[in-house]
Structures are given as C-alpha cells and as structure tokens.
Amino acid sequence: MVGALAIACALSVPTSAFAKGPGGSQFDVEGDNQKDGGRTLESRIVYSGSTGGSKRTRSGGFTPVGDWSPPACWYEPKWTPDEFAKEFQKDWDIPNASGVGEAYNLAKERYKNGQPYKDFNKSETGKGLWWDAVRDKDREESGDPAAFACDTATFWVENGETPNVRNAVTPEILAQLAYSRIKVPDTEITLAPEDITKVNLPTWAWLDKATFKKVSVTAALDVAGLNISATTTAKPVSLRLEPGTSDAETYPNSGECRLNDDDSIGAPYAKGKARETPPCGIKYLRSSGDGTYKLRATITWEVDWTGTGGTGGDLPDGTFGTTQDITVQEIQSVNH
C-alpha cells in the first residue's frame with residue numbers, strides 16, 4: 001500500500017499491530033515487518049552495462065570492502081496526482097480492522113483535506129510528482145532490515161527540486177545502486193605448474209590484461225520532471241593469493257600482487273624459470289597428501305562514478321574471489 005497508510009498507522013494503530021513502510025505498507029499483527037505479504041512498488045530505474053543480464057542480477061560475490069553497502073531502499077518519483085488518488089483509494093478498499101478507520105481518517109486529512117495536501121495536489125498536475133520508497137527486492141526477500149528502513153510517508157516534490165530526504169534518488173544514489181549490480185569476471189588465475197605442483201617449487205600466478213578490464217554499470221531514471229543517470233566503473237587493481245595452508249610462502253610476502261603498468265598482474269611463466277622467484281606466486285612447503293589445498297584468489301576492484309550535472313567521486317573498493325584446488329606432491333628423488 002502507499003506510504004499514506006504507513007504514516008497513519010504509525011500514529012494510530014495499537015502496538016499489537018505494525019504499520020510497514022514504503023510503498024507496500026501492510027498490517028502485521030505479529031509485529032514483524034520482515035514478514036511482508038504486501039506488494040513492493042516497482043522501481044523505474046533502468047540498468048545497463050556489465051550487469052550480467054537481468055536488472056535483478058547480482059554478481060553473487062562482488063562485495064564492498066569494509067562495512068559500507070549500497071542502499072537497500074530509496075525514494076523515487078512514482079505518481080501523478082490522479083495516479084496517487086486512485087492508488088490511495090484502491091489500497092483503502094480493504095476489510096475493516098482494529099485501528100483502520102482512524103488510520104484512514106488521518107491519511108485522508110493528510111492527502112485529501114489540506115493537512116498539508118489538498119485533493120492529492122491535483123491543482124499542481126504537471127508541476128511535480130508524488131515520491132515514495134522502493135525496496136531492493138533481493139534484500140527485501142532475504143529479510144535484510146535495511147530494506148525496511150525507508151519509512152517516510154509519500155511526499156510531493158516539485159519538478160526540478162531535490163527532496164531533503166535521506167536516500168531520495170540523486171545521481172549519487174543511482175551510482176550506489178549501480179554498484180550493487182556490477183558483474184565482474186570470475187577470478188580464474190593462470191598457474192604454472194597448473195593444478196599439480198611440487199613441494200618447494202615456486203608456482204607462478206598471473207592474470208592476462210585482456211581478461212581483466214574495467215567494467216561499468218549505468219543506472220538511469222527518466223520520468224516527468226526528472227532525468228538523471230550515473231555510471232559506476234570498477235577497475236581491477238590487485239590480486240591477493242591465500243594458499244589455503246600456513247605451510248606456504250607467497251610472492252610478494254604480503255600475498256597481494258599489484259597491477260602492472262600494462263594492466264596485467266604477475267608475469268607468465270617461461271621455460272627455464274622454474275627455480276626463479278616469481279613476481280606473483282606461491283611456494284608450498286608441505287605436500288597436500290591425498291587431498292588438495294584450496295587456493296583463494298581475490299581481485300580488488302577500485303570503484304568510482306560519474307553522473308548527471310558533472311557529479312562524481314569514489315566509492316568503496318570491491319572484491320571478488322574464487323577458490324581453486326591445488327595438489328602439492330613431494331619431489332621424487334631418483335637413486336642411481
């Protein structure tokens with residue numbers, strides 16, 4: 001249901017009921033707003049670029065460094081005055097329940113009777129739009145509390161104005177939403193020796209510059225009175241190797257191989273370099289026996305964005321990693 005219900009219920013419904021927020025408010029007699037039987041408003045934001053296909057596709061592993069995360073809910077323009085009036089009436093055509101009548105009266109006062117809006121602002125048709133909150137569907141379905149944090153009631157915004165409401169859509173918010181839809185390549189590093197190596201024999205690791213290039217996603221919103229966009233770009237900057245055992249050494253010692261000047265990482269192995277120290281690689285000190293070691297290879301991506309009106313800046317780095325099985329054998333000595 002519309003945000004009208006959210007604000008009205010918050011004011012009038014007894015504590016045994018719960019009014020849930022943006023664009024899909026419902027009574028929850030259990031008091032748990034993560035059990036949402038209502039509908040969530042569809043976003044009008046369009047995504048293009050390295051999204052992996054569907055607009056709801058996630059990379060599945062491209063995660064920000066640190067505790068930052070893209071918005072799980074935000075506000076965007078949703079209705080003309082006539083559309084909002086119809087939506088409002090439709091959502092109030094519900095069975096009577098405890099507190100509903102009083103909640104309806106409060107919402108009616110707010111949006112229809114002039115406190116502060118009159119007749120859903122129909123006299124302002126063409127001069128603005130009603131804004132409401134939208135939830136990220138994946139995070140809503142997973143029960144992420146952040147998806148239910150946008151609880152500001154439906155509000156009016158004149159064309160060309162930027163509302164002073166946290167997470168109201170702007171180029172920067174679009175950039176953050178684009179971040180959550182970036183699809184980066186799987187981190188499949190090239191090794192020499194490839195899958196089976198020897199104890200105390202350096203294993204070379206590298207990434208081809210042709211495989212790991214910049215990727216970007218553009219988020220755009222074009223509705224009456226608002227046409228903005230932002231492009232978020234991720235650039236690979238380093239590879240971190242985690243051998244899967246403490247009985248190993250990494251090259252360099254930190255285990256982090258930085259990007260070369262030609263945008264490659266590490267250096268390909270060449271014949272005759274078996275005993276040389278690789279610029280990026282691993283040396284296992286103990287056999288894996290009958291099993292394997294789980295080599296974790298993680299790429300760090302540097303992220304920035306540009307948007308409408310010359311806006312732009314940096315966003316937190318992102319990482320994406322995969323695991324490869326490595327068999328380490330003892331070097332067999334030959335007796336003469």
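Residues numbered from 1 in each chain as written. Predicted model: local features only at pLDDT ≥ 70, side-chain atom pairs only at ≥ 80, totals over all residues. Heavy atoms only, no water.

J.: Please set out the overall build of the protein chain residue by residue, giving values where relevant.
T.: Each helix and strand counted, the protein chain has five helices and 16 strands in total. In the protein chain, buried positions account for 45% of the 336 residues. Sequence-distant contacts, at least 24 apart, represent 73% of the contacts inside the protein chain between residues at least 6 apart. Surface exposure of the protein chain reaches about 16600 Å², of which carbon and sulfur atoms provide 46%. (Helix = DSSP H or I, 4+ residues; strand = E, 2+ residues; numbered from the N terminus. Buried < 20%, exposed > 50% of the residue type's maximum accessible area, 1.4 Å probe, protein only. Contact = heavy atoms within 4.5 Å. Areas by Shrake-Rupley, 256 points an atom, 1.4 Å probe, with all protein chains shown as cover.)

J.: So, the state of the cysteines: which residues are in play, and what are the values?
T.: Throughout the structure, instances matching the rule amount to two disulfides. Taking only the cysteines that form disulfides and numbering them from first to last, the protein chain has the pattern 1-2, 3-4. (Disulfide = S-S within 2.5 Å.)

J.: Which residues make up a negative patch on the surface, and what are the values?
T.: Together, Asp186, Glu188, Glu194 and Asp195 line one region of the surface with negative charge. Relative to the assigned elements, Glu194 resides in the loop between β6 (190-192) and β7 (196-198). (Patch = residues over 30% accessible without salt bridge, like charges linked within 9 Å, V, L, I, M, F, W, Y side chains within 5 Å. Salt bridge = Lys/Arg side-chain N within 4 Å of Asp/Glu carboxyl O. Lys, Arg positive; Asp, Glu negative; His and termini not counted. Charge placed at Lys NZ, Arg CZ, Asp CG, Glu CD.)

J.: Residues and numbers for helix α5 (residues 171-179), please.
T.: Counting buried positions along α5 yields eight of nine residues, so the element is predominantly enclosed. Looking only at α5, the buried set comprises Pro171, Ile173, Leu174, Ala175, Gln176, Leu177, Ala178 and Tyr179.

J.: Mind laying out the side chain of Thr298, listing which residues take part and the relevant values?
T.: With respect to the helices, strands and loops of the structure, Thr298 is situated in strand β15 (residues 293-307). The contacts of Thr298, once residues within four sequence positions are left out, are Thr187, Ser238, Leu239, Arg240, Glu242, Thr319, Phe320 and Gly321.

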